[in-house]
Amino acid sequence: MNKIIFDNVKHEKKVEFPEELIFGKTFTTHVLEMDYDSEKGGWQDAVIKKHENISLSPAALVFHYGQSIFEGLKAYKQIDGKISLFRPSKNLERLNRSAVKMCIPEIDIDFVMKALLELVSIDRDWIPSKPGHSLYIRPVVFATDPMVGVKAGEKYKFLILLSPVGPYYPGGFKPVPIMVTDKYVRAVRGGVGECKTAGNYAASLMAQREAKKLGFSQVLYLDALHQKYIEEVGTMNMFVQFKDEIATPRLSGTILPGITRMSVIEILKNWGYNVNERDIELKEIFDGYNDGNLVELFGTGTAAVISSISKLKYGETEINFSSEHAGELGTKLYKALTDIQYGKTEDKYGWNVIIK
Ligand SMILES: *Cc1c(COP(=O)(O)O)cnc(C)c1O
């Protein structure tokens, strides 16, 4: 039975936040570290210790062949001072699904959950209490075997880092312009599009860079096979509101099964909307815009929660919504989700895991 070891751990009460919290640049005092070694019987004890640089062989497998997976979730300081994590077991389950696909050994979800709650509790004063702020939690697993040669590792490191973050849109909940690309694809049938694995994000940088240059904040990818159906945006799942339906691409294996996506589907169904997970042709969206059947477009993901979409451009064709005001449904969903996360409303779905 593995243990949680506290290595020189001290609950830090006097936390100094930088003036401006740039996403993912500030880290808390501690990390969780857990090593895997097939010769020692698998996963070892989890150690909560100081956040500091780690030492790896230059030959560590991960640097050469990219065997690496990660997760992203958040802890919130609620309005009554309690600390809450949003559906964390969903993230650990997804981490294990990514692990299986990347030939990485699975973790014991119950044990890691216990260790994660200890870690967040120790660094709890690092959770900013300002509106829209939270603690971003980043679990990551990668192969460390010191050898050059393509194979699945026998040794891995699992880390959980914590990073206090401000609101994703510091200027308020503003809609974003998105560019549809048919020059690049994100994932292919039988590939690893449904995994949060490092290489997917390295592969997305060029499309993202080109979109930024043209004044767009992100790229919407189409399916690789037909270049006809919408898939997802950089790190967000897509939702399309038509007059009598809300549609989102089905989980075909090429898109990331977002936990915000899953939660939004549940809320919308609960509100009585007709929600369908299905193939959505890009053409349907542009046709809907022209004949008045398209109401709103938005994306979902942990970092921004909901991103309202102001503009969608494909070649010479454009859809334009207000660039000042977010759509009505997106705004309503953003409020519903964040009200649950910050404890401003009853958590009737039972999504929050409260620490104290
Ligand atoms: C993480 C991620 C999402 C959103 O998932 P959430 O669980 O809602 O944060 C969507 N698409 C991609 C490619 C992602 O990496």
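All values derive from a computational prediction rather than experimental measurement.

Analysis parameters
- Per-chain numbering applies: the sequence of each chain, read as written, is numbered from 1 onward.
- Side-chain atom pairs in this predicted model are given and counted only at pLDDT of 80 or more, local residue features only at pLDDT of at least 70, and totals for whole chains, interfaces and linings cover all residues.
- By convention in this description, side-chain values take in all heavy atoms of the structure and omit both hydrogens and water.
- A run of H or I in DSSP counts as a helix once it spans at least four residues, and a run of E counts as a strand once it spans at least two, with each numbered from the N terminus.
- Our radius of gyration looks at C-alpha atoms and nothing else; its globule reference is 2.2 Å times the residue count to the power 0.38.
- We call a residue buried when its accessible area falls under 20% of the maximum for its residue type, exposed when it is over 50%, and partly exposed in between, using a 1.4 Å probe and counting protein chains only.
- Contacts are residue-level and defined by heavy atoms, with any inter-residue pair within 4.5 Å sufficient.
- Each accessible area value is a Shrake-Rupley result obtained with a 1.4 Å probe; residue values ignore everything except the protein chains displayed when judging cover.
- As used here, the term nonpolar core means buried Ala, Val, Leu, Ile, Met, Phe, Trp, Tyr and Cys residues forming a set that is joined through side-chain atoms within 4.5 Å.
- Residue ranges assigned to the domains are those given by an automatic or database domain assignment.
- By definition, the buried area sums, over both parts, the 1.4 Å-probe accessible area that each loses when the two are put together.
- Each reported salt bridge corresponds to a side-chain nitrogen of Lys or Arg within 4 Å of a carboxyl oxygen of Asp or Glu.
- Pairs of N or O atoms are called polar contacts if they sit within 3.5 Å, as long as, within protein, a hydrogen donor faces a hydrogen acceptor (for residues adjacent in sequence, only side-chain-to-side-chain pairs).
- The rule for a residue being near a molecule or strand is that one of its heavy atoms must lie within 4 Å of it.
- Under this grouping Gly is polar, as are all residues other than the nonpolar Ala, Val, Leu, Ile, Met, Phe, Trp, Tyr, Cys and Pro and the charged Asp, Glu, Lys and Arg.
- Take the residue count of a helix, subtract one, and multiply by 1.5 Å to get its expected span.

**What about the overall build of the protein?**
Inference 1: Scanning the protein for helices and strands turns up eight helices and 18 strands.
Inference 2: The C-alpha atoms of the protein give 21 Å as radius of gyration, which agrees with the globular expectation for 356 residues (21 Å, within 12%).
Inference 3: Residues classed as buried in the protein amount to 51% of the 356 residues present.
Inference 4: Long-range pairs, those at least 24 residues apart, make up 72% of the contacts in the protein with a sequence separation of at least 6.
Inference 5: Here the protein displays about 16800 Å² of accessible surface, and carbon together with sulfur accounts for 51% of that area.

**Digging into the nonpolar core**
The nonpolar side chains of a soluble globular protein tend to be buried, and buried together.
Inference 1: Core analysis: the largest hydrophobic core is formed by 44 residues, its most contacted members being I230, I285 and L312.
Inference 2: Take this core: its biggest share by element is five residues, from strand β12 (residues 236-242).
Inference 3: Beyond its immediate chain neighbours, meaning those up to four positions away, I230 contacts L220, Y221, L222, M238, V240, P249, I280, L282 and I285.
Inference 4: Residues A75, M102, I127 and Y156 belong to the second largest nonpolar core, which totals 37 residues.

**Here's the deal with the domain arrangement of the protein**
Inference 1: Partitioning the protein into domains gives domain 1 (4-165) and domain 2 (176-341).
Inference 2: Taken residue by residue, the interface counts 22 residues in domain 1 and 20 residues in domain 2.
Inference 3: The three residues of domain 1 that bury the most area against domain 2 are F70, F86 and R94, which together make up 32% of that side's buried surface.
Inference 4: Between K101 and E194 there is a salt bridge, with its nearest N and O atoms 2.9 Å apart.
Inference 5: Our enumeration of links across domain 1 and domain 2 arrives at twelve residue pairs in polar contact (both at pLDDT 80 or more).
Inference 6: If you list the elements that add at least two residues to the side of domain 1 that touches domain 2, you get β4 (68-70), β5 (73-77), β6 (83-86) and α2 (88-101).

**Describing the site of the ligand**
Inference 1: With respect to spatial proximity, 15 residues lie near the ligand, and among them K196, Y201, E232, T260 and T302 are the closest.
Inference 2: Contact distances for the ligand include 2.8 Å between an oxygen atom and a side-chain N or O atom of R94.
Inference 3: One of the side-chain N or O atoms of T302 is found 2.6 Å from an oxygen atom in the ligand.
Inference 4: When the ligand is considered free in solution it has 380 Å² of accessible area, and contact with the protein chains removes 96% of it.
Inference 5: Elements supplying a minimum of two residues to the shell around the ligand: β12 and α6 (259-270).
Inference 6: Of the residues assigned to the shell around the ligand, the class counts are four nonpolar, seven polar and four charged.

**Some points on α2**
Inference 1: A rise of 1.5 Å per residue sets the reference length of α2, with its 14 residues, at 20 Å; its end C-alpha atoms lie 20 Å apart and thus fit the reference within 8%.
Inference 2: With its phi angle positive at about 60 degrees, C103 sits one or two positions after the end of α2.

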